[in-house]
Amino acid sequence: MAADPPETPGSAGGLDRGVLAVAMVVVLGAIMSILDVTVVNVAINHLAAEFDAPLSTIQWVATGYTLALATVIPVTGWASARFGTKRLYMISIALFVIGSALAGLAWSAESLIVFRVLQGLGGGMIMPAGMTILTQAAGPKRVGQVMSVVGIPMLLGPICGPILGGWLVDDVSWRWIFFINLPIGVVALFLAARILARDTPQPGERLDALGLVLLSPGLASLIYGLAKGAQKSDFSSPEVLITTIAGAVLVALFTLRALTAENPLIDLRLLKRRSVAAASGTMVLFMCAFMGAMLLLPLYYQIVRQESALTSGLLLAPQGLGAMVTMPIGGKLTDRIGPGRVVLVGMLVVVGSVAGFTALLEADTSYWMLGAVLFVMGMGLGMTMMPTMAAAIQTLAHDEVPRASTMLNIIQQVSASVGTALLSVLLANNLADKLGGPSGGGLSATQNVTPEIMQKIAGPMADAFQSTYWWALGLLALAFIPALLLPRRTPDDQPVDAPMPMH
C-alpha cells in the first residue's frame, strides 16, 4: 500500500506531522519569552525587599526587558536574511538562556537590570524568527491554523505566568523565576537543531546601523529621564534635564533619518496611512495605561493585602481567562464588521474595569469582586489588542505588511516600557505622600512592619493605589481619540490605503 504523499508547504488541509514538530519547537521558545514578561510582575515586591531597592529602581527589571525587546525587533528581518532563520532562532534562544542564568545569579538590583536587558535582547528575536520559520513550513494556505497553535502560549502566558512566578518566589527562590528557563531553553535548542530545516543565508538590504545607534540609546535615555523627573517631582535638575533632552534629540534625529533613508530601521512613512496612524496612536496610549496598570495589582495584593506571591498570581488569573473567551470572538467580528467597532467596544470594557479599580480598591475589598472586574478587563483586552493590529495592516499593500507589523511591535514594547516606568513612579510617590517618607521609595515604608502598624496603614496605601489607577484611566480615555479614526468597515468594503504593486 503506497504511503500518502507529503503535503507541500503551500497545500491546504490540516497540519502534518512535520509542521506540528516545527510548531512544537517554536511554541517552546514562545513560552519562555512570553512567560518571562508575566512571571516577573509578581516578584517585583520581593525583589525590592531582597535588594533593598525602591520601586522606582526595581521596576527597571520589567522596563529594561521590554526596552531591550523593542531594540532588537527591527533588526530581526535583517538578521534572518544575514544569518538564516534557523541559526538566528537558535542564537536568540541561547542568548535568552544565558541572560536568564545570569539574572538568576544577580547580586544587586543594578546587575539584575543589566542581565534582564541581555535576556530581552534574545527574547525579542525569538517570536519573529519562530513565526517566520513556522509560516514558511506551513505555507500561506495554513497560516490561520499555524496562528492558532502559536496563540496558545499567548493565551496561557497571562494565566500561568503569575501563578508559576508566585509559586517559585514563595516556595523555591526568586532566582528560579529565571533558572526555570534553562531546562526549557536547552530542550528547545536540542529540538531546533534536530527538527528545523537548514536554510541558506541570503543577505539582502543593509542594516540601518545609524538608525539603530540613534533609536536604542535615545529611547532608554528619554524614558529614564522622564521616570527620574517624575520620581523627584522635579524636571529641572541637571541629571533629569541632560538625560531627557539627550534622549529627545536622539529620537528626533532618528525620526528624520527614518523619514528620509531608503531602507530605514522603522518605516515611519507608513504613518501617512490613516489606518496605521490611528492604530499606532491607539496602541501607544492603550499599552501605556494597560501595562502600567497590570504592574499595580500584584503589588496591591502583596503590599496592602499581605498576600503571598503565589496567591497574588492566582488572583490575577481571571484576566487571562477573560481574554481567552473574547480573543477568538474579537478576531471573527473584526473580519465581519471591521476593527473600529470592535476596538471601541473592547476599550469601553477596559475603561469600565479600570474605573472599577479607582472606586473599589480598598483595604478590604472582596477578592470575588476584584476577580470579576479582572475577568471583565480581560474580555475587553481580547477585543482590543489584535483588532487594533488588524486595523493597521488590513488596508496596506502586501509588501508593506511586514514593515507595518515590525513598527507596531516596537510601538507596543516601547509603550509598555513607558507605562510601567510612569505608573510605578507615580505609585511610589503616592505611597510616600500617604505614608510619609522619601519620594520615590514608598515600598520601604511597608516592609518589616508589625501587623498592628500594617492594619493602620493599609487604608492609606489602598488610597495610593486608587489614585494611581486614575492616571491609567486618563490615558485610556485619551486613547479613544485615535481609536475613533480606526476603520469601521471590512477590508472588502474599503479602499486599500496604498496602490498594490504592479506585476
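For every chain, the first residue of the written sequence is number 1, and numbering continues from 1 onward in sequence order. Local features in a predicted model are, by the rule used here, given only for residues with pLDDT of at least 70; side-chain atom pairs are given and counted only at 80 or more, and totals for whole chains, interfaces and linings are based on all residues. Hydrogens and water molecules were not included; the side-chain quantities draw on all heavy atoms of the structure.

### Considerations on the overall build of the chain
- Helical segments are the DSSP runs of H or I of at least four residues, strand segments are the runs of E of at least two, and each set is numbered from the N terminus. Each helix and strand counted, the chain has 19 helices and zero strands in total.
- The buried label goes to any residue with under 20% of its type's maximum accessible area, the exposed label to any with over 50%, and the partly exposed label to all in between, with areas taken from a 1.4 Å probe on protein chains only. Residue burial in the chain is summarised as follows: out of 503 residues, 54% are buried.
- Computed with the Shrake-Rupley method and a 1.4 Å probe, the accessible areas treat only the protein chains shown as cover for residues. As displayed, the chain has an accessible area near 21,500 Å², and 67% of this comes from carbon and sulfur atoms.

### What about the packing of aromatic side chains?
- For Phe, Tyr and Trp, rings pair up if their centres lie within 6.5 Å, where Trp contributes its six-membered ring, and each pair is then called stacked (planes under 30 degrees apart), edge-to-face (over 60) or tilted (otherwise). Inspection of the entire model under this criterion finds nine aromatic pairs.
- Consider the rings of phenylalanine 286 and phenylalanine 290, whose centres lie 5.7 Å apart with planes at 5°: the pair is stacked. Taken together, the positions of phenylalanine 286 and phenylalanine 290, both in helix H13 (residues 274–304) and four residues apart, correspond to about one turn of that helix.
- One Lys or Arg, arginine 116, reaches over the ring of tyrosine 65 and ends 4.1 Å from the middle of that ring. Here, a charge over a ring means that NZ of Lys or CZ of Arg falls within 6 Å of the ring centre while also lying within 35 degrees of the ring normal.

### Here's the deal with the packing of helix H15 (residues 339–360) against helix H17 (residues 385–393)
- Between N-to-C directions, angles span 0 to 180 degrees; the directions come from axes that are lines fitted to C-alpha atoms, helices contributing only their stretch in contact. Contact geometry for H15 and H17: axes closest at 9 Å, N-to-C directions at 150°. On the basis of their axis angle, the class for H15 and H17 is roughly antiparallel. Seen along the crossing, H15 lies across H17 with a hand that is left-handed. Across the interface between the two elements, Pro339, Val342 and Val343 from H15 touch Pro387, Thr388 and Ala391 from H17.
- Gly falls in the polar group here, along with every residue not listed as nonpolar (Ala, Val, Leu, Ile, Met, Phe, Trp, Tyr, Cys, Pro) or charged (Asp, Glu, Lys, Arg). For the contact of H15 with H17, a count of residues per class yields five nonpolar, one polar and no charged. Here roughly perpendicular refers to angles of 65 to 115 degrees, roughly parallel to angles under 35, roughly antiparallel to angles over 145, and oblique to all remaining angles. When the near helix sits turned anticlockwise from the far one by under a right angle, the crossing is termed left-handed; a clockwise turn instead gives a right-handed crossing. Note on contacts: a residue pair qualifies if any of its non-hydrogen atoms lie within 4.5 Å across the two residues.

### Overview of the pattern of salt bridges
- Should a side-chain nitrogen of Lys or Arg be within 4 Å of a carboxyl oxygen of Asp or Glu, the pair is scored as a salt bridge. Counting across every chain of the model gives two salt bridges.
- Across the pair arginine 269 and aspartate 267 runs a salt bridge, and its minimum N-O distance is 3.1 Å.
- In this structure aspartate 267 comes out as buried when scored by relative accessible area, which is 6%.

### Points about the nonpolar core
- Nonpolar cores are built from buried Ala, Val, Leu, Ile, Met, Phe, Trp, Tyr and Cys residues. Side-chain atoms within 4.5 Å join them into one set. Membership of the largest hydrophobic core comes to 109 residues, with the highest contact counts inside it found for Ile58, Phe286, Leu297, Phe357 and Phe465.
- Of the residues forming this core, the biggest block, 19 residues, is contributed by H13.
- Discounting chain neighbours no more than four positions away, the residues touching phenylalanine 357 are Leu297, Leu370, Val373, Leu374, Met377, Gln466 and Tyr469.

### So, unusual backbone geometry
- Positive phi outside glycine occurs at aspartate 52, with the angle close to 50°.
- Within the fold, aspartate 52 resides in the loop between helix H2 (44–50) and helix H3 (55–58).

### Examining the side chain of threonine 326
- Relative to the elements of secondary structure, threonine 326 occurs in helix H14 (residues 309–337).
- If we ignore the near neighbours within four places in the chain, the residues touching threonine 326 are Gly378, Met379, Gly382 and Met383.

### Some points on a nonpolar patch on the surface
- Where nonpolar side chains cluster on the molecular surface, the patch consists of Leu241, Ile245, Val249, Leu253 and Leu256 and spans about 440 Å² of accessible area.
- Of note, leucine 253 is situated in helix H12 (residues 238–260). Any residue with relative accessible area above 30% and no salt bridge may belong to a patch, with like charges joined within 9 Å and the nonpolar Val, Leu, Ile, Met, Phe, Trp and Tyr side chains within 5 Å.

### A word on the environment of asparagine 45
- Within the secondary structure, asparagine 45 sits in helix H2.
- Between the C-alpha atom of asparagine 45 and that of glutamine 59, which follows or precedes it by 14 residues, the distance is 9.5 Å.

### A look at helix H16 (residues 367–382)
- Taking 1.5 Å as the rise per residue, H16 with 16 residues should run 22 Å; its terminal C-alpha atoms sit 22 Å apart, in good agreement.
- When we look at burial in H16, the residues that qualify are Leu370, Gly371, Val373, Leu374, Met377, Gly378, Gly380, Leu381 and Gly382.
- Tucked into the core, H16 has its buried residues touching H13, H14, H15 and H17.
- A 3.5 Å cut-off defines polar contacts: any pair of N or O atoms within that distance qualifies, except that in protein one atom must be a possible hydrogen donor and the other a possible acceptor, and neighbouring residues in sequence count only when both atoms are side-chain atoms. The residue sitting at the N-terminus of H16 and contributing the capping side-chain oxygen is serine 366; that oxygen lies 3.2 Å from the backbone nitrogen of tryptophan 368. An expected span of 1.5 Å times one less than the residue number is assigned to each helix.

### Some points on the environment of phenylalanine 96
- Assignment of secondary structure puts phenylalanine 96 in helix H6 (residues 85–104).
- Phenylalanine 96 sits 24 residues away from glycine 120 along the chain, and the two C-alpha atoms are 6.9 Å apart.
- With residues up to four places along the chain from it excluded, the contact list for phenylalanine 96 reads Met32, Ser33, Asp36, Tyr65, Gln119, Gly122, Gly123, Ile126 and Asn181.

### Considering the side chain of threonine 388
- Along the chain, threonine 388 turns up in helix H17.
- Among the residues examined, threonine 388 registers a relative accessible area of 3% and is labelled buried.
- Only 2.6 Å separates the side chain of threonine 388 from the backbone oxygen of threonine 384, close enough to count as a polar contact.
- In this structure, threonine 388 is in contact with Ala279, Thr282, Met283 and Val343, ignoring residues within four places of it in sequence.

### Describing the confidence of the model for the chain
- Chain-level statistics for the chain give a pLDDT mean of 80 and a share of 83% at 70 or above.
- Within the model, pLDDT remains below 50 along residues 1–12, and this stretch shows 20 contacts once partners closer than five positions in the same chain are excluded.
- pLDDT is a residue-level measure of predictor confidence that goes from 0 to 100. Every residue in residues 498–503 is under pLDDT 50, and counting partners more than four places away or in other chains gives eight contacts.

### What to know about the packing of helix H5 (residues 76–83) against H6
- Viewed as axis vectors pointing N to C, H5 and H6 meet at an angle of 120°, and their least axial separation amounts to 7 Å. Taken together, the axis directions place H5 and H6 in an arrangement best described as oblique. Where H5 abuts H6, its residues Thr76, Ala79, Ser80 and Phe83 lie against Thr85, Arg87 and Leu88.
- Counted by class, the contact of H5 with H6 contains three nonpolar, three polar and one charged residues.

### Brief notes about the environment of leucine 215
- Tracing the backbone through its elements, the reader meets leucine 215 in helix H11 (residues 209–232).
- Under the relative-accessibility criterion, leucine 215 is labelled buried at 8%.
- Between the C-alpha atom of leucine 215 and that of leucine 253, which follows or precedes it by 38 residues, the distance is 8.6 Å.
- Among all residues touching leucine 215, those that are not within four sequence positions of it are Phe254, Leu265 and Ile266.

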